[in-house]
Amino acid sequence: MSGVLERTLGILELLSQHGEGLELAAIADRLDIPRSGTHRLLTDLVRLGYVRQTRGHGDYLLTTKLVSMGLSYLSNSGIVDIAQPLLNRLAEVSGELVRLSVVDGERLTWVARAQGARQGLRYDPDMGSDARLSCSSSGWALLSTLSDDAALALVAKQGLGLPEQFGPAAPTTLQAVMDAVTQTRERGYSMTTDTYSIGLSAMSAPVRFAGQPAFGVLTIAGPTVRFTPEKMQALAPELLSIAQQLAASSGASPFFSLTAETGNAAPTDGRKPIYAV
């Protein structure tokens, strides 16, 4: 990694994946940064309050400062205020976990959720992480609103990941991903079982204006033993209805408005790009 800013952001992103912390040598080796330079950057991050060092082993961990910034941004963007009542309703109807992800550039990030399961198995992932487009129901829903060329480009850029990182039914080729995207496009929503992780089923619908790429994705997820294909199909009308309501109310959110409406220069397929500016 080259450049102070790139190296600093690299450290923050790496530490975000290791809640237990990492020692200086491990950070330097993983990011291919000289240890002296790594120490200087970590010292600055500690001074500014983004990183702290444990007393016992000397490992470096993130503080909650970045979390606070993210939550403050979501609060001021209006996303949660608009979405939460609708997510709560869908969670109550489905009895499963409901999540909202938003498109931000080339990333699809989970930002809000409502848990409908009151007992038994509960699927409850960490918020703030990015969806793997090739094997998540939310990824397929997003890709289904793009042209095949644009969808392929996004998947190819993010990559398919390693087989051991995802479920046994995860697509292993770009063609398999596009087959799933085509089925999603025809159906209007995605359905996955054992693709993102073993024992997990999910369904997703894009949040968008007619004929436009998605600027968000609405997902219901639950244990495969309970969240069966039959249950998913029965919930499809409610999922699509809530997704449409989210799109209709999106104008009240500065983030949604920017993501959905920016980019007046039309791409080759005649539709607005998903990228915010």
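Definitions and cut-offs
- Residues numbered from 1 in each chain as written.
- Predicted model: local features only at pLDDT ≥ 70, side-chain atom pairs only at ≥ 80, totals over all residues.
- Heavy atoms only, no water.
- Helix = DSSP H or I, 4+ residues; strand = E, 2+ residues; numbered from the N terminus.
- Contact = heavy atoms within 4.5 Å.
- Buried < 20%, exposed > 50% of the residue type's maximum accessible area, 1.4 Å probe, protein only.
- Pairing = 2+ DSSP bridges.
- Axes fitted to C-alpha atoms, helices over the stretch in contact; angles between N-to-C directions.
- Parallel < 35°, antiparallel > 145°, perpendicular 65-115°, else oblique.
- Left-handed = near helix turned anticlockwise from the far one by under 90°.
- Nonpolar A, V, L, I, M, F, W, Y, C, P; charged D, E, K, R; others polar.
- Phe/Tyr/Trp six-rings, centres within 6.5 Å; stacked < 30°, edge-to-face > 60°.
- Lys NZ or Arg CZ within 6 Å of the ring centre and 35° of its normal.
- pLDDT = per-residue confidence, 0-100.
- Polar contact = N/O pair within 3.5 Å; in protein donor to acceptor, adjacent residues only side chain to side chain.
- Expected span 1.5 Å × (residues − 1).
- Bend = angle between axes of the 7 residues up to and from the residue.

Enquirer: Teacher, can you tell me more about the side chain of S134 here?
Expert: For S134, the location among the structural elements is in the loop between strand 4 (107–115) and helix 6 (137–143). When near neighbours in sequence (up to four residues on either side) are disregarded, S134 contacts W140, V155, Q158, G159, L160, P171 and V177.

Enquirer: Help me understand the environment of S138, please; the structure alone is not making it clear to me.
Expert: Here S138 shows up in helix 6. You can call S138 buried: its relative accessible area is 1%. Note: C-alpha distance between S138 and Y189 (51 residues apart in sequence) is 9.2 Å. Other than its neighbours up to four places away in sequence, S138 contacts S101, L108, W110, A131, S204, V217 and T219.

Enquirer: Quick question: what am I supposed to make of the pairing of strand 5 (residues 190–193) here?
Expert: Strand residues, when the strand is regular, have side chains that alternate between the two faces of the sheet. As judged from the 4 bridges shared by strand 5 and strand 6 (residues 200–207), these two strands associate in the antiparallel manner. From the neighbouring strand, T193 faces strand 6, where its bridge partner is S201. As consecutive antiparallel partners, strand 5 and strand 6 are separated by 6 residues, and within that stretch D194 has a phi angle of approximately 60°, a positive value.

Enquirer: What should I look at first to understand the packing of helix 7 (residues 148–158) against helix 8 (residues 174–187) in this one?
Expert: Two numbers describe how helix 7 lies on helix 8: the axes approach to 11 Å, and their chain directions differ by 130°. By the angle between their directions, the pair helix 7 and helix 8 is classed as oblique. Judged by the sense of rotation from one axis to the other, the crossing of helix 7 with helix 8 is right-handed. In this structure, helix 7 contributes D148, A151, L152, V155 and A156 to the contact, and helix 8 contributes L174, V177, M178 and R185. Of the residues that constitute the contact of helix 7 with helix 8, the class distribution is 7 nonpolar, no polar and 2 charged.

Enquirer: Help me out: how do you make sense of the packing of aromatic side chains in this one?
Expert: Given two aromatic rings, their pairing is described by the distance between the two centres and the angle made by the two planes. A full pass over the atoms with the stated rule returns 3 aromatic pairs. Seen from their ring centres, W110 and Y196 are 5.8 Å apart, and the 90° between their planes marks the pair as edge-to-face. On the criterion of sequence distance, the pair formed by W110 in strand 4 and Y196 in the loop between strand 5 and strand 6 is long-range, its members being 86 residues apart. Overall, W110 belongs to the buried group, its relative accessible area being 2%. Centroid distance F166 to Y196: 6.0 Å. Interplanar angle 50°. Geometry classified as tilted. Of the two residues, F166 sits in the loop between helix 7 and helix 8 while Y196 sits in the loop between strand 5 and strand 6, which places them 30 residues apart along the sequence. Ring pairing ties together the aromatic residues W110, F166 and Y196, which thus form one cluster. Between the NZ or CZ atom of R99 and the centre of the ring of W110, over which it lies, the distance is 4.2 Å. We note R187 situated over the ring of Y189; from NZ or CZ to the ring centre the distance is 5.5 Å.

Enquirer: Help me out: how do you make sense of the confidence of the model for the protein chain in this one?
Expert: Detailed conclusions should not be drawn from predicted coordinates in areas where pLDDT is low. Per-residue confidence for the protein chain gives a mean pLDDT of 83; residues scoring 70 or more make up 80%. For the stretch residues 262–277, pLDDT sits under 50, and the model shows 37 contacts to residues farther than four places along the chain or on other chains.

Enquirer: Before we go on, may I ask you to explain the sheet that holds strand 3 (residues 97–104) in this structure?
Expert: Two pairing modes exist for strands in a sheet, parallel and antiparallel, and in both the strands are linked by backbone hydrogen bonds. In spatial order, the strands read 4-3-7-6-5; together these 5 strands make up an open sheet with antiparallel pairing. Lying at the two open borders of the sheet, with one neighbouring strand each, are strand 4 and strand 5. Neighbour-to-neighbour, the strand axes of this sheet turn through a mean angle of 25°, independent of strand direction. Of the strands in this sheet, strand 3, strand 5, strand 6 and strand 7 (216–223) touch helix 9 (residues 229–248), which is tilted by about 30° from strand 6.

Enquirer: Help me out: how do you make sense of the side chain of S190 in this one?
Expert: Checked against the element boundaries, S190 lands in strand 5. A polar contact is formed between the side chain of S190 and the backbone oxygen of S137, at a distance of 2.7 Å. Beyond its immediate chain neighbours, meaning those up to four positions away, S190 contacts S137, W140, A141, T184, A202, M203 and S204.

Enquirer: Looking at this structure, I do not really get helix 9. What am I missing?
Expert: Side chains of residues three or four places apart in an α-helix project in the same direction, reflecting 3.6 residues per turn. Compared with the 28 Å implied by 1.5 Å per residue over 20 residues, the 28 Å span of helix 9 between its first and last C-alpha is a close match. The sharpest bend along helix 9 comes to roughly 45°, located at L235, with the proline P237 sitting one to four residues further on.

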